[in-house]
Each structure stands twice: as structure tokens, then as C-alpha cells.
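# Coordinate analysis (summary)
Each chain, letter by letter, is given below.
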Amino acid sequence: MKIIDARVVVSSPGRNYVTLIVETEDGVIGVGDATLNGRELAVASYLRDHICPLLIGRDSRRITDTWSYLYKGAYWRRGPVTMTAIAAVDVALWDISGKVAGRPVYQLLGGAAREGVMVYSHASGGTLAELSEDFQSHLDQGYLAIRAQAAIPGLEKTYGIAPADGKVYEPASGNMPQEDIWETSTYLDFAPKMMAHLREEFGYKVHLLHDVHHRLSPIEAGRLGASLEPSRMFWMEDATPSEDQSAFRLIRQHTTTPLAVGEVFNSIWDCQQLITERLIDYIRTSVSHAGGITHLQKIFALADLYGVRSGSHGAGDLSPVALAAALHVDLTIPNFGIQEYMGHRDQAAEVFGTAYTYRDGYMHPGDLPGLGVTFDENAAARYPYDPKYLPVNRRLDGSIHDW
Ligand code: KDG
Ligand code: MG
């Protein structure tokens, strides 16, 4: 099962995706997601210039060996660019192995431990009334868990609010990131009112989630968590800039609101202290930014030892390949918590064929051999790369604020 070709396609069917295609001498094709939002071309180059040439001639079945070869062999370890590139290779090789075995990847990972994967969707609005309307439409679609965000009154723009036309929010195209103004005290007053409003209107049956996008100090996060306690959140996500793991000790001292973090992490070392000190409840590393299926399994196995559950990142800037890979992992692990499901723009369906399904709040990766995702290179060529950046945050005094 020698690898004879590895190539990278950068396309923008609705938003930018970097896709790795690996082909074996027997004509088996595997796909991996190498998308790093706003830094797409760095990963494309890392793969094209440094990794693809190393893959030619390797045995596609030696997944762990290839992972170690790329991680340990490079000398330079970790980091989002490296780990996203390694993840793409890893996922493509699992896809190939599944296809060769004639079995869905989840069966190679130990088989299904549940019938379906509970997912959470995104509801948002420019006002609380609009948020309620969007929330209701997600309930109507059967979602059992919903993340809620609304425009913060008094701030000109709030990140994480879907445009009126659809299900995903997008960074603007262009050569420069948009700049938003952030004010913590306004947000801290508003967020608990937003959640209380939803509980009053929709009751306590649906799981309620909220994303802080790393914007608070530890003591502010403690205060927010405490003020959200009456709303009985499923989780409060990314409360503080997450590279400071010990900050979570302080948050924990002040609140019983469950804590989730990890979408910007790229290795087990980023979450080691958070997990082993039981400082979080959900680890949200994604398959495509944290070293692929092989490494994600390791993170979730460590988390299982300490009662921490999974909650993988699944925003629209992770391609359908990444979502499929996450669903295969989710189905098999004992400590699965929840999976984010934001959906993709309609154009993505012209490029990525998917076998995963959604019904009544749960997803399933499907039973096609491999990941169950096809990639149409001709369709991708119709959607050239469209440079976009996530917005930058400034405080009222003009200084840069945390994400
Ligand atoms: O690329 C960044 C997005 O994926 C992120 O901002 C979305 O926070 C996010 C989430 O939880 O989906
Ligand atoms: Mg998030």
C-alpha cells in the first residue's frame, strides 16, 4: 500500500478549505482537512513543500509511525500549522485504511459505543427577540443542545452572530482583518440576562451553551460563571485566553458552571494540566487542529481518566472532512460529551460528498468504508481561494484585546 501521490487543494466553496488528497499505488484515495482559518496558505505550504514529498513511497497502513515520523522527526514540535498539517495526513491515512478494510473508520477505532452523537447547533440574533426566534427554529429542527449568542447592546459589532441570510457567520473578505470594539463590563452585565431570558422563554429541558471567545480575565470569568449558575448551563466556553492553564484554578474556585475549552489547542500538552487537575469539564480539541484522529484519541483517553468529557470544535471553518472524522471518533469513545455542529454553506455540498446524517439532535457518520466523504477536485476549482481574516478586537482606548 505505497503512497504514490499527495496533493493539496485550496478552495473556497462558501468559505476557505485546505484539503489534502493522498493516493496509494492501488488507487485508493484518502482525504484530510488542513484548514486553519485565516492562515490557510501557511498549512498548504507546510504540506506541499515539506510533507507531501516525504509521504511518497511510505506504507499508508503505518499510521502511527507516519504520525511520529512527522511529529518527532521534524525537531520542531506542536504549533497550529504543524499540527494541522499532521492531522490532515493522519485523517487521510485513516480514511484509506477504512476503505481498504471495507469498513467505516469508527469500526477500526473500536466500534460504536453509542447509537448517535449528540450535537449542539448555534442560535444567535441582533436582539433578544431575534435570538428567541432563531432558538425556536433550532428547537423545531430537533436540537437538544443549543449555543446562544446575541449582539451586545451598546457595542457596534459582536462576533459569533449569524448574518441574516443564513446559518454561518463569516469573516469578511479582504486583505485586512475587520476591527471590532470590545467592552468587558457591558458584556458581563448582558450575558446572564441573555441566558435568563432564554430559560424563561424555553425552560430548562434544552441544553444551553455559551461561548465567551477567550475574552475575560480569570476573576471576571469566575463572576460570569457564578451569575450564569441559575441558568444551569451545559457549559461556558473559552472563558479566558486558554494558553494560561492555571487560570482555570481561579475560575473553578468561584463557580460550579461547567467549563469547556480547547478549540485553539493543538496537542495533548496544551490540555495536560487542565485535565489532570480536573480544572475543566469538557475538552474541545478538534480533529483537524490537534494532530488528527491518532492524537485526538490520546487526548480523550487522558481526559477519560479524570472524568473530563469531549466536546469537539465543529465550526464551519472546519471542512466536512473534519466533521466526519470527529463523528467517527465521537461514536467510539467512552467519555463523549457533545459535538459542535455548525453546518456548511450550500456550495460546500458541490465539493464534498458526505455520508453523515442528522436526526432529532443526533448525528451519525454513516457506514460507508473510510470516512464517508468524497472530494470533487473539478468542483473545487470553481471556487478559488478568497483571503479572509477573523476580526481583531480593540478596547475603547484602542488597545488590542484578547480573543
Ligand atoms: O476559526 C475560529 C472559529 O472556528 C471559532 O471562532 C468558532 O468559537 C468558535 C466555535 O466555538 O465554533
Ligand atoms: Mg468557540
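Data block above holds the structure.
Residues numbered from 1 in each chain as written. Chains lettered and ligands numbered in written order. Predicted model: local features only at pLDDT ≥ 70, side-chain atom pairs only at ≥ 80, totals over all residues. Heavy atoms only, no water.

### A look at the nonpolar core
Filter applied, for reference: Here, nonpolar core refers to any group of buried Ala, Val, Leu, Ile, Met, Phe, Trp, Tyr and Cys residues whose side-chain atoms link them within 4.5 Å. Accessible area is worked out with a 1.4 Å probe on protein chains only. A residue is then buried under 20% of its type maximum, exposed over 50%, and partly exposed in between. To qualify as a helix, a DSSP run of H or I must reach at least 4 residues; to qualify as a strand, a run of E must reach at least 2; elements of each kind are numbered from the N terminus. The domain boundaries here were taken from an automatic or database domain assignment. In what follows, residue pairs with any heavy atoms lying within 4.5 Å of each other are defined as contacts.
If you look at the biggest cluster of nonpolar residues, it comprises 124 residues, and the most contacted ones within it are Leu 47 and Ile 293. Here the element with the most residues in this core is helix α3 (residues 80-101); it accounts for 10 residues. Split by domain, this core shows at least three residues from each of two domains, domain 1 (3-104) and domain 2 (108-368). Not counting the four nearest positions on each side in its chain, Ile 293 is found in contact with Asp 90, Val 91, Trp 94, Val 105, Leu 109, Val 287, Ala 325, Val 329 and Leu 371.

### Some remarks on the coordination of the magnesium ion (ligand 2)
In ideal tetrahedral geometry, four donors around a metal make angles of 109.5 degrees, whereas ideal octahedral geometry with six donors gives angles of 90 or 180 degrees. How we decide: Excluding water, the donors of a metal are its N, O and S neighbours within 2.8 Å, or within 3.2 Å for Na, K and Ca, and that exclusion means sites may look incomplete.
Every protein donor of the magnesium ion (ligand 2) is accounted for by Asp 211 (OD), Glu 237 (OE) and Glu 263 (OE), and the metal-donor separations fall at 2.0 to 2.1 Å. Every donor residue of the magnesium ion (ligand 2) comes from the same chain, spaced as D-x25-E-x25-E. Of the two residues, Glu 237 is situated in strand β8 (residues 235-237) and Glu 263 in the loop between β9 (259-261) and α9 (268-276); the sequence distance between them amounts to 26 residues.

### Concerning the pairing of strand β5 (residues 145-150)
The side chains of a regular strand alternate between the sheet's two faces. Put simply, the rule is: Any two strands with at least two DSSP-identified bridges between them are counted as paired.
Here β5 lies mainly inside the structure; six of its six residues are buried. Side chains Ala 145, Arg 147 and Gln 149 of β5 all project onto a buried face; the interleaved residues Ile 146, Ala 148 and Ala 150 project onto the opposite face, where all are buried too. Examined bridge by bridge, strand β4 (residues 117-125) and β5 share six bridges and lie parallel to one another. Bridged to Ser 121 within β5 is Ile 146. Note that β5 and strand β7 (residues 207-211) share three bridges and pair parallel. Bridge pairing links Arg 147 to Leu 209 in β7.

### Topic: the site of ligand 1
To keep things clear, this is the line we draw: Proximity is defined per residue: if any heavy atom of the residue lies within 4 Å of a molecule or strand, that residue is considered near it. Side-chain atoms alone can form a polar contact between residues adjacent in sequence; in general such a contact is a pair of N or O atoms within 3.5 Å, and within protein one must be able to donate a hydrogen while the other accepts it. Throughout, the protein atoms alone are placed on a 1 Å grid, and a set of points is a cavity if a 1.4 Å probe fits but cannot get out or a pocket if it is open with protein on both sides within 12 Å along at least five of seven lines; lining residues have an atom within 4 Å of a point. Cavity and pocket membership follows a simple rule, namely that a molecule belongs there if more than half of its atoms are within 2 Å of the grid points.
Around ligand 1 lies a shell of 15 residues, among which Tyr 159, Glu 237, Glu 263, Asp 317 and Glu 340 are the nearest. Within the contact set of ligand 1, an oxygen atom lies 3.4 Å away from a side-chain nitrogen or oxygen of Arg 147. Judged by the fraction of its atoms near the pocket grid, ligand 1 is located in the largest pocket.

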